[in-house]
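Remarks on the overall topology
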Amino acid sequence: VDTPSSNGGDTSLETPLEDIENYHTLLHTTASTTHTHPLAWRRHQLLQLARMVQNHANELCDALWADMRKPRTEVIFTEIGALVQRAVKSAAKLEEWTKEERPSVGVHQGSWNATIYKVPKGVVLIIAPWNYPLILTLQPLIGALAAGCCALLKPSELVPTTSALLARLVSQYLDPSAVRVVLGGVPAATRLLALRWDHIHYTGNGRVARVVAAAAAKFLTPLNLELGGKGPVCVDPAYDVDLAAKRILWGKVNNAGQVCVAPDYILASYTSLDTLVASLRKWYAAFYPPSTGGALHSREYASIVSDAHYARLTGLLARTKGTIVMGGGTENSAEWPRRIEPTVVVGVQGDDALMEEEIFGPILPIIAIDAVDSAIDFVRSRPTPLVLYMFTEDPLFKQRILNETRSGNVVFNDVFQQLDVDELPFAGVGDSGYGNQIMEYTYQAFTQLRSSIDMPIDAEPALSVRYTPRGEDATRI
Ligand code: NAD
């Protein structure tokens, strides 16, 4: 699979729009029964999902290579491995998660049988982006299957080879009465959003999220909006700046910076700027030795996903008023399409082109600041990010970051690795979206907590006080 696509979307692979209503009807018909409720069904589907990903790991890697030259090891580590593990673990957790709860209640309510039932919400729509197209499509599906829901998946049109393969594999491995895939771009998504769903899980950018939220509002459909934003990295000059540089650069070169939790920009003290840049350069040469072609010709470095994103990113480099001090090279050839080197830019101000929107590419601006207060003020003056990174060993700085800033997640002294912890919820806040996910949190998103009491006949004497005539004056204190 070696022909690069230009990723404008291959329309020959699209699901005919008229099929969408049929899929919708089929899934709702299934959800109106208890077909997907038994734990045995859920477990089987989850294990089938794990088998599907594991059995076809090579094909999936090849598809991602064709679509965006995504390095094989990155696909294995961040998508395939995590999916297999999370599907299997979720299957093992089903009994624990789905067990009805009997909350402890007031003394006089002890006989009322207060119960929380965990009910599948019904049919969920999962709209996924291109940057981690396997995990961002199938991870929500793991939660949906664990919850006993039906699901319609709409993967991204920007990775057509991968999305088409996913559609084929899903139809082979998963129950077709409960899971369907629609291939297509905006017309397909628009058609889907005109229909009623029981939950929508959207991962992507904030502009489209508003379109999704407006469509969902018509039916009062609950949402997960998993968005992005400019994730700041603050570096305390007292920290080991060389280690910070190594970790930050690793986080930025993953998927060529096309990561929702990529370090977007660095806030670094004037005093540590030169050391930081020297270390970034040192680690860049170590990660991608110039003698073997550097990042531009490395199989361990991804391409930019599409011509439009390539033009957007090279446009940012043309417009920045900062100075490129590392990288800056580009290439767009048949063998190495849409390549942009990891690029560090200094002398960047808050109003620079690089600070207008989420970069979502391998460009790393550094803004020089004088103290941690300035970093906090800067972050607070911007839209709420999905993630905030701070490199410091100072407990006071950590506490100040926790108390004085907001972000979906906060990570001290590393980047990206928070996504490796299955037990942590992952979600944005404010501009970066809302609705927790990962493992049990995704299961919960697709589960209704149905409250219930079952009042015994012999509770009647205790309840008699509620009936009229009660005697209004008797309640006077
Ligand atoms: P994208 O262009 O693939 O779009 C995402 C999905 O939205 C696709 O399936 C697409 O077909 C659909 N879509 C596009 N336009 C639409 C419209 N007008 N109406 C309805 N649906 C539409 O991906 P993207 O938005 O470029 O994704 C990148 C963004 O996603 C970044 O902002 C990134 O930070 C964010 N992201 C967030 C997370 C997270 O978990 N929080 C993970 C990955 C990416």
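In this text, all values refer to a predicted model and were calculated from it rather than measured experimentally.

Here we look at the UniProt feature "domain: Aldehyde dehydrogenase" (unreviewed entry) in the protein
- Cross-referencing UniProt, the feature "domain: Aldehyde dehydrogenase" (unreviewed entry) maps to residues 35-450 in the present numbering.
- A distance of 19 Å separates the end C-alpha atoms of residues 35-450, which is 41% helix and 17% strand.

With respect to the UniProt feature "active site" (unreviewed entry) in the protein
- The feature "active site" (unreviewed entry), as annotated in UniProt, sits at Glu226 and Cys260 in this numbering. Maximum C-alpha separation among the annotated residues is 9.2 Å over a sequence range of 35 residues, consistent with a single clustered spot.
- Considering the arrangement of structural elements, one finds Glu226 in strand S6 (residues 223-226).
- Residue classification places Glu226 among the buried residues on the basis of 27 C-beta atoms within 10 Å.
- On the basis of neighbour counts, which here come to 26 C-beta atoms within 10 Å, the residue Cys260 falls in the buried class.

Comments concerning the sheet that holds strand S15 (residues 409-412)
- Pairing is mixed in the open sheet, where 7 strands are placed in the order S9-S12-S13-S8-S7-S14-S15. For this open sheet the edge positions go to strand S9 (323-326) and S15, each flanked by a neighbour on one side alone. On average, each strand axis in the sheet is inclined to that of its neighbour by 25°, with strand direction left out of account.
- As paired strands, strand S12 (residues 343-346) and strand S13 (residues 363-369) are joined by 3 bridges and run parallel to one another.

Quick word on the site of the ligand
- For the ligand, the set of nearby residues contains 29 residues, the closest of which are Pro129, Ala189, Gly204, Gly228 and Cys260.
- Put simply, the parts of the chain that give the shell around the ligand at least two residues each are helix H7 (186-193) and helix H8 (206-219).
- A class-by-class count of the residues in the shell around the ligand yields 16 nonpolar, 9 polar and 4 charged.

A look at H8
- Between the first and last C-alpha of H8 there are 20 Å, a value that for 14 residues agrees with the 20 Å anticipated at 1.5 Å per step.
- If you check which residues of H8 are buried, you get Ala209, Val212, Ala215 and Ala216. Down the axis of H8, the sector holding all buried residues measures 130°, keeping them to one side. With respect to the buried face of H8, the exposed residues turned more than 90 degrees away are Arg207, Arg210, Ala214, Ala217 and Lys218.
- Taken together, the buried residues of H8 touch strand S2 (123-127), H7, strand S5 (199-203), S6 and strand S16 (433-434).

A closer look at the sheet that holds strand S3 (residues 150-154)
- If you walk across this open sheet you meet the 6 strands as S4-S3-S2-S5-S6-S16, and the pairing is mixed. Of all strands in the sheet, those with a lone pairing partner are strand S4 (179-181) and S16, marking the two edges.
- Across 3 bridges, the pairing between S3 and S4 is parallel. Bridging from a neighbouring strand, Leu152 pairs with Arg180 of S4.
- With respect to the sheet, H7 is in contact with S2 and S3, its orientation differing from that of S3 by roughly 150°.

Digging into the environment of Ala368
- Following the sequence through the fold, Ala368 ends up in strand S13.
- Separated by 343 residues in sequence, Ala368 and Thr25 have C-alpha atoms that sit 56 Å apart.
- When near neighbours in sequence (up to four residues on either side) are disregarded, Ala368 contacts Ala268, Tyr270 and Leu273.

Scoring rules and cut-offs
Counting starts from 1 at the beginning of each chain's written sequence and moves along it residue by residue. Given that this is a predicted model, residues contribute local features only at a pLDDT of at least 70 and side-chain atom pairs are listed and counted only at 80 or more, while totals for whole chains, interfaces and linings are drawn from all residues. UniProt positions are given in the numbering used here, feature names are shortened, and annotations may be inferred rather than shown by experiment. Numbering of helices and strands runs from the N terminus; a helix is a DSSP stretch of H or I covering at least four residues, while a strand is a stretch of E covering at least two. Once C-beta atoms are placed from the backbone, each residue is buried if 20 or more other C-beta atoms lie within 10 Å of its own, exposed if 12 or fewer, and partly exposed for counts between those two. The pairing criterion for strands is at least two bridges between them, as found by DSSP. Between the N-to-C directions of two axes lies an angle of 0 to 180 degrees, each axis being a line fitted to C-alpha atoms and, for a helix, fitted only over the stretch in contact. Defining nearness, a residue is near a molecule or strand when the C-beta atom obtained from its backbone falls within 6 Å of it. Each residue gets one of three labels, nonpolar for Ala, Val, Leu, Ile, Met, Phe, Trp, Tyr, Cys and Pro, charged for Asp, Glu, Lys and Arg, and polar for the others, Gly among them. Expected span of a helix: the number of residues minus one, times 1.5 Å. By construction, the arc corresponds to the directions joining the helix axis to the C-beta atoms. Once C-beta atoms have been placed from the backbone, residue pairs whose C-beta atoms lie within 7 Å are recorded as contacts.

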